[in-house]
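# Chain and residue survey
If you want the building blocks of each chain, they are given just below.
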Amino acid sequence: MDIEMDINKKVLILAIYKKEEDETLTDVVKKMDNTKVFSLKEGKKYLKELKKEQLILDDYLTVIGLVKAKEIELEFKI
């Protein structure tokens, strides 16, 4: 996994962590596409990878995903 992809996945995990209650994962990916963070196609690929890594289940972060999101939030604050 290259560094850029790793950063994009981190941004996506953080965006999912910070999403509004009524937002879906697709809404989050579309936001990333609209702000040119990454394309919709890339976003869907990242979502699939995060699900495979068991960080997301049923449109929500798993416990592991929540822990990872909090770590990423701290990392970006530094």
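Below is a short write-up of the structure. (Residues numbered from 1 in each chain as written. Predicted model: local features only at pLDDT ≥ 70, side-chain atom pairs only at ≥ 80, totals over all residues. Heavy atoms only, no water.)

### Re the nonpolar core
With 18 residues, the main nonpolar core has L12, I13, I16, L47, L50, I56 and L61 as its most contacted residues. Contributing elements (two or more residues each) for this core: α1 (3-18), α2 (25-34), α3 (40-52) and α4 (63-77). Ranked by residue count, the leading element in this core is α1, at 5 residues. Filtering out sequence-adjacent residues up to four positions away, I13 remains in contact with L50, L55, L61, G65, K68, A69 and I72. (Core = buried A, V, L, I, M, F, W, Y, C linked by side-chain atoms within 4.5 Å. Buried < 20%, exposed > 50% of the residue type's maximum accessible area, 1.4 Å probe, protein only. Helix = DSSP H or I, 4+ residues; strand = E, 2+ residues; numbered from the N terminus. Contact = heavy atoms within 4.5 Å.)

### Describing unusual backbone geometry
One non-glycine residue, K36, adopts positive backbone phi at about 65°. If you trace the backbone, K36 turns up in the loop between α2 and α3.

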